[in-house]
Structures are given as C-alpha cells and as structure tokens.
Amino acid sequence: MNNDRVTMPKPALSPPLSEWAEQLERLQWAALIADADWKLMWVSRSLQNFLRVDDTTDLGYGENLAWAWSTSDIWRRSVTPEGQFQLFRDLAPLFIAAMRDRGIDVRELLGEPFSSLVDQVEPAADVPLVGSGFFEYTDPSDPELPPYRVNYSVIRINGDDGKPVGALMITFLDVNPNLSALLVRGDQEMYRRMAKLVDPQPQQGAVLFCDLQGSGRVSRELSSAAYFRMVRRLWTGIDAAIAGECGIVGKHAGDGASAFFLAEDLGSPSKAAAAAIRAARRIHETSADVFGETVQSGCLMRIGVHWGGSLYMGQLVPGGRLDVTALGDEVNEAARVEESATPGTTLVTKQLLERLHATDADSLGLDLEKMRFTVLADLATASEKARRDAGLLAVALID
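Just so we're clear, the structure is a prediction, and the values are computed from it rather than from any experiment.

**Student:** Could you clarify how one ought to interpret the overall build of the protein in this entry?
**Tutor:** A count of helices and strands for the protein gives 17 helices and 13 strands. Across the protein, the fraction of contacts at a sequence separation of at least 24, relative to all contacts at a separation of at least 6, is 63%. Of the roughly 20400 Å² of accessible surface on the protein, 52% is carried by carbon and sulfur atoms.

**Student:** Any chance you could explain empty space enclosed by the protein here in plain terms?
**Tutor:** Rolling a probe over the atoms, with the probe sized like a water molecule, indicates the empty space that remains. Evaluation of the coordinates by the stated rule reveals 1 cavity of 30 Å³ or more. Looking at the largest cavity, its volume works out to about 30 Å³. At the level of elements, β1 (30–35) and β5 (164–173) are the ones that each hand at least two residues to the lining of the largest cavity. When residues in the lining of the largest cavity are grouped by element, the largest group, 3 residues, is from β5. Counted by class, the lining of the largest cavity contains 8 nonpolar, no polar and no charged residues.

**Student:** Explain the nonpolar core to me, please; I cannot follow it from the model alone.
**Tutor:** It is characteristic of soluble globular proteins that their nonpolar side chains tend to be buried jointly. Of all hydrophobic cores here, the largest spans 59 residues; its most connected members are Leu-208, Phe-261, Met-301, Leu-352, Leu-353 and Leu-356. Here this core gets 11 residues from one element, more than from any other, and that element is helix α13 (residues 269–292). Not counting chain neighbours up to four residues away, the residues in contact with Leu-356 comprise Ser-270, Ala-273, Ala-274, Ile-277, Ala-361, Leu-364, Leu-366 and Leu-368. In terms of nonpolar packing, the next biggest core, distinct from the first, is built from 29 residues, Leu-32, Val-43, Leu-87 and Leu-94 among them.

**Student:** Looking at this structure, I do not really get the packing of aromatic side chains. What am I missing?
**Tutor:** Taken as a whole and judged by the stated rule, the model has 2 aromatic pairs. With a centroid separation of 4.4 Å and 25 degrees between ring planes, the pair formed by Phe-50 and Tyr-137 is classed as stacked. Taken as a pair, Phe-50 in helix α2 (residues 45–50) and Tyr-137 in strand β3 (residues 130–137) lie far apart in primary sequence, 87 residues in all. According to the relative accessible area criterion, Phe-50 is partly exposed, its value standing at 24%. Summarising the aromatic geometry, the rings of Tyr-137 and Tyr-148 are spaced 5.3 Å apart at their centres and angled 55 degrees between planes, so their arrangement reads as tilted. Of this pair, Tyr-137 sits in strand β3 while Tyr-148 sits in strand β4 (residues 148–158), and the two are 11 residues apart along the sequence. Owing to a relative accessible area of 2%, Tyr-137 belongs among the buried residues under this scheme. Here a set of aromatic residues connected by ring pairs shows up, and it is made of Phe-50, Tyr-137 and Tyr-148. Lys-350 extends its terminal NZ or CZ atom over the ring of Phe-373, reaching a point 5.7 Å from the ring centre.

**Student:** Is there a simple way to think about the side chain of Ser-268 in this case?
**Tutor:** Following the sequence through the fold, Ser-268 ends up in the loop between α12 (263–266) and α13. With relative accessibility at 18%, the residue Ser-268 sits in the buried group.

**Student:** What exactly am I supposed to notice about the pairing of strand β13 (residues 394–398) here?
**Tutor:** Regular strands have side chains that alternate between both faces of the sheet. Most of β13 is tucked away, with 4 of its 5 residues classed as buried. Inspection of the sheet shows strand β11 (residues 345–349) paired to β13 by 4 bridges, in the antiparallel sense. Looking at the pairing, Val-348 lines up with Ala-396 of β13.

**Student:** In this structure, what is going on with the packing of helix α11 (residues 224–244) against α13? I would like to understand it.
**Tutor:** Each pair of packed helices can be summarised by the angle the axes make with each other and by the distance between the axes. Interaxial distance between α11 and α13 falls to 9 Å at its minimum, and their mutual angle equals 160 degrees. Taken together, the axis directions place α11 and α13 in an arrangement best described as roughly antiparallel. For the element pair α11 and α13, the recorded crossing hand is right-handed. Within the contact between the two elements, α11 uses Met-230, Arg-233, Leu-234, Gly-237, Ile-238, Ala-240, Ala-241, Ile-242 and Gly-244 and α13 uses Ala-279, Arg-282, Ile-283, Thr-286, Ser-287, Asp-289, Val-290 and Phe-291. Classifying every residue of the contact of α11 with α13 by side-chain character gives 10 nonpolar, 4 polar and 3 charged.

**Student:** Would you take a moment to explain the pattern of salt bridges for this structure?
**Tutor:** Two side chains of opposite charge can pair, provided their charged atoms sit close to one another. Per the stated rule, a full pass over the model turns up 9 salt bridges. Residues Arg-278 and Glu-245 are paired through a salt bridge, measuring 2.9 Å at the closest nitrogen-oxygen approach. Here Glu-245 lies in the loop between α11 and β7 (248–253) and Arg-278 lies in helix α13, a separation of 33 residues in the sequence. By relative accessible area, Arg-278 is classed as partly exposed at 31%. Taking relative accessible area as the criterion, Glu-245 reaches 12% and is therefore assigned buried. Residue Glu-339 is joined to Arg-336 by a salt bridge in which the shortest nitrogen-to-oxygen separation is 2.7 Å. Of this pair, Glu-339 and Arg-336 both sit in helix α14 (residues 329–340), 3 residues apart, roughly one helical turn. On the basis of relative accessible area, Arg-336 is assigned to the buried category, the value being 6%. When salt bridges that share partners are traced, they join Arg-336, Glu-339, Arg-388 and Asp-389 into one network.

Criteria and thresholds
- Residues numbered from 1 in each chain as written.
- Predicted model: local features only at pLDDT ≥ 70, side-chain atom pairs only at ≥ 80, totals over all residues.
- Heavy atoms only, no water.
- Helix = DSSP H or I, 4+ residues; strand = E, 2+ residues; numbered from the N terminus.
- Contact = heavy atoms within 4.5 Å.
- Areas by Shrake-Rupley, 256 points an atom, 1.4 Å probe, with all protein chains shown as cover.
- 1 Å grid on protein atoms, 1.4 Å probe; cavity = no way out; pocket = protein on both sides within 12 Å on 5 of 7 lines; lining within 4 Å.
- Points joined across faces, edges and corners; volume = space filled by probe spheres on them.
- Nonpolar A, V, L, I, M, F, W, Y, C, P; charged D, E, K, R; others polar.
- Core = buried A, V, L, I, M, F, W, Y, C linked by side-chain atoms within 4.5 Å.
- Buried < 20%, exposed > 50% of the residue type's maximum accessible area, 1.4 Å probe, protein only.
- Phe/Tyr/Trp six-rings, centres within 6.5 Å; stacked < 30°, edge-to-face > 60°.
- Lys NZ or Arg CZ within 6 Å of the ring centre and 35° of its normal.
- Pairing = 2+ DSSP bridges.
- Axes fitted to C-alpha atoms, helices over the stretch in contact; angles between N-to-C directions.
- Parallel < 35°, antiparallel > 145°, perpendicular 65-115°, else oblique.
- Left-handed = near helix turned anticlockwise from the far one by under 90°.
- Salt bridge = Lys/Arg side-chain N within 4 Å of Asp/Glu carboxyl O.

This is the structure:
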C-alpha cells in the first residue's frame with residue numbers, strides 16, 4: 001500500500017448507511033461510519049466540530065479506517081499515543097475478523113507499519129455485533145490541557161440479507177448520567193456560545209456586572225435552608241435573563257455576577273448593547289419577585305453596564321468548573337460602574353449607549369438625544385477605587 005495519503009472527497013452513502021447517518025445527524029451525536037471494507041465513509045458534524053475540523057477532505061474519506069486514523073493529522077493530534085494504542089488493541093480483533101470473512105489479506109491492505117502488528121493480534125472468532133472501549137482525547141486547540149477519557153461503541157450494520165454492509169462508531173464522554181443531567185438543565189444555546197470561546201481571542205461587546213445589596217440582613221432573618229433556596233432561585237433567574245438575551249454568564253462571586261453580550265453573537269454592537277440593557281431590567285424584576293415574596297425588606301440589585309471594544313475572552317477550565325472570563329480595562333471599569341450604582345438602579349456608560357441605533361434605543365424606550373451624563377468621579381456613591389480606575393467615564397442612570 002502506498003504510504004502517501006491522498007485527500008478524497010466525502011463518498012456517497014448507500015442504504016442503510018445513509019439512513020443511519022441521517023438519524024445520527026438528527027440526534028447530533030459524535031459518530032462516524034465505515035463501509036464493509038472498513039473504509040471511512042462519513043463523519044458527523046458534531047464529531048467534526050469536536051475535532052476542530054476546517055477541511056473535511058483531510059479526514060481520510062475513502063481510506064481504510066485504521067490507515068486514516070494513523071496518517072491523518074486531524075485524528076492523530078486528537079488522540080494521545082496511548083489512546084491510539086488502546087484503539088488498535090480494542091478494535092484490531094474485530095477489524096481483522098471482518099477482513100478475514102471477506103477474504104481480504106489484512107497485511108496487504110494495511111501495509112507497513114501496520115502489517116507487522118497484525119501478527120500480534122488474535123482475531124475474533126466471529127465478527128461481533130458490537131464492540132466498545134475508550135481512548136484518551138487531547139484538545140487540539142490547546143495541547144497543554146490534560147487529556148480526558150472518551151468512550152466509544154462500534155456497532156455492525158447489516159443489509160437486508162443479514163450480511164455486514166458497514167459499521168458505525170459512536171463516541172461519548174466518560175461522564176456519569178447524574179453529571180450530564182446538571183448540564184442539560186442549563187441553557188444549551190449559551191453553552192454553544194461558550195464553546196466558541198475555546199480559543200481565546202479579542203471580542204467586542206457589552207459587559208454587565210450586578211451585585212445584591214442587603215443580603216446579609218435577609219440571611220440573618222431566614223433559616224440557612226430557606227435562604228439557600230431563595231438565593232438559588234435568584235441566580236437561576238439571573239442566569240436565565242442573561243441566556244435569554246443571547247449573553248454569556250461570567251463568574252459568580254458572593255452575591256455578584258458578571259455577563260457578556262458579544263457583538264458577534266447578537267449580530268451588531270447595537271444589538272449587543274440593547275441585549276445587555278434588557279437583561280439588566282429582567283435582573284431587577286427577578287430580584288424583586290424573589291425577595292418581595294419572601295421578606296418584608298427586599299434586597300435590591302446594583303447593576304453597571306459598560307462597553308468593551310477590546311475584550312480578550314476565552315475559557316478557563318481550572319479542573320473544578322468551567323468559566324468564561326474576559327481581560328481588559330473595560331472589565332475592571334464595568335465593575336467600578338456597578339459599585340457606584342445605588343441599590344435598585346442600573347448605571348450605564350456613554351460608550352455603551354452610543355452603540356445603540358435609533359431603532360434599538362426606541363425599542364428600549366430611551367431617548368438618546370435627551371440623555372444626560374455625569375462623570376463617575378462626581379457621583380457621591382463612587383468609591384475612591386471607582387474614582388481612581390474609572391473616574392472619567394461618563395455614565396447615566398436608566399430606569
């Protein structure tokens with residue numbers, strides 16, 4: 001076999017392989033399909049995204065699956081050397097048995113260096129219906145991140161006559177169903193927006209900070225269990241408000257949180273700015289609903305909204321959680337704006353409001369021409385730190 005790889009287009013699938021591909025695509029599973037000769041025929045979009053594939057012709061379509069996995073940079077960069085060995089050890093008996101039953105000389109098919117490994121493998125007595133195993137996956141976007149385990153199942157596909165016509169391989173993360181359920185409860189569209197930030201890069205968008213005032217008093221009035229349920233309801237509502245406006249929830253710290261509304265996600269700077277303001281209004285409504293029903297003296301939110309023209313955003317995966325964070329002066333300034341707002345109000349910077357087009361401003365009930373601004377340093381509520389870090393920002397109180 002010639003060791004030079006030749007890129008080939010994605011082959012056409014015949015039934016029943018095409019029917020399987022359609023169903024797997026509909027379910028958004030990370031999967032691939034090989035034909036009866038174990039040639040790679042199809043890779044789902046979910047698996048392509050998982051592998052960070054830009055050019056699908058480099059996947060090795062039309063080539064023997066073992067050969068494609070071992071010679072294509074796309075596959076090799078995603079599986080650790082130990083994982084490649086694990087794959088070969090688990091699948092070789094199944095593969096060799098299938099080739100034997102079709103009268104194909106595996107050594108001639110694979111060529112070196114694989115043919116010398118065939119003698120070390122005991123083929124399965126029969127071609128089984130299902131095979132399974134795992135391998136160690138490494139993220140090609142950042143090889144320094146630790147690898148993690150990916151499970152897989154290989155299922156034989158038979159034709160109407162009962163003879164094998166191919167096989168499908170389904171991959172899935174090694175995650176307990178209870179943990180998966182936690183993920184499902186969240187907003188999946190927001191998770192997709194977060195997933196796009198796996199490669200840190202510059203962004204522009206609105207930055208929102210909010211902080212709860214008066215919670216210490218309420219925590220003393222209620223039992224710990226009741227207060228916990230109330231706070232959980234509050235943050236569930238806040239996260240929903242942010243996700244509902246196509247935002248991304250940032251870090252939760254104490255009684256505060258942050259959020260980002262990116263122009264790339266919303267379609268324009270104006271849409272991103274408008275989304276942040278709508279989210280701020282919904283956060284105030286949520287706070288009033290939660291605390292108004294529970295205590296006599298409700299807690300109030302302070303909210304600050306600022307524009308970030310040069311945010312550097314990406315994912316942080318420190319091991320115990322998934323965070324999206326942003327670096328830049330505007331992030332620090334947004335926090336200072338929030339600190340300077342009075343409880344129950346939203347303080348917005350001139351930089352953000354001037355991103356609004358007239359139609360978006362009208363939809364928010366804002367008359368930009370009548371808007372009046374105050375330098376942050378002149379606010380009586382501004383702290384010394386706020387005056388130092390963001391004192392020259394022009395801000396306006398809305399709602």
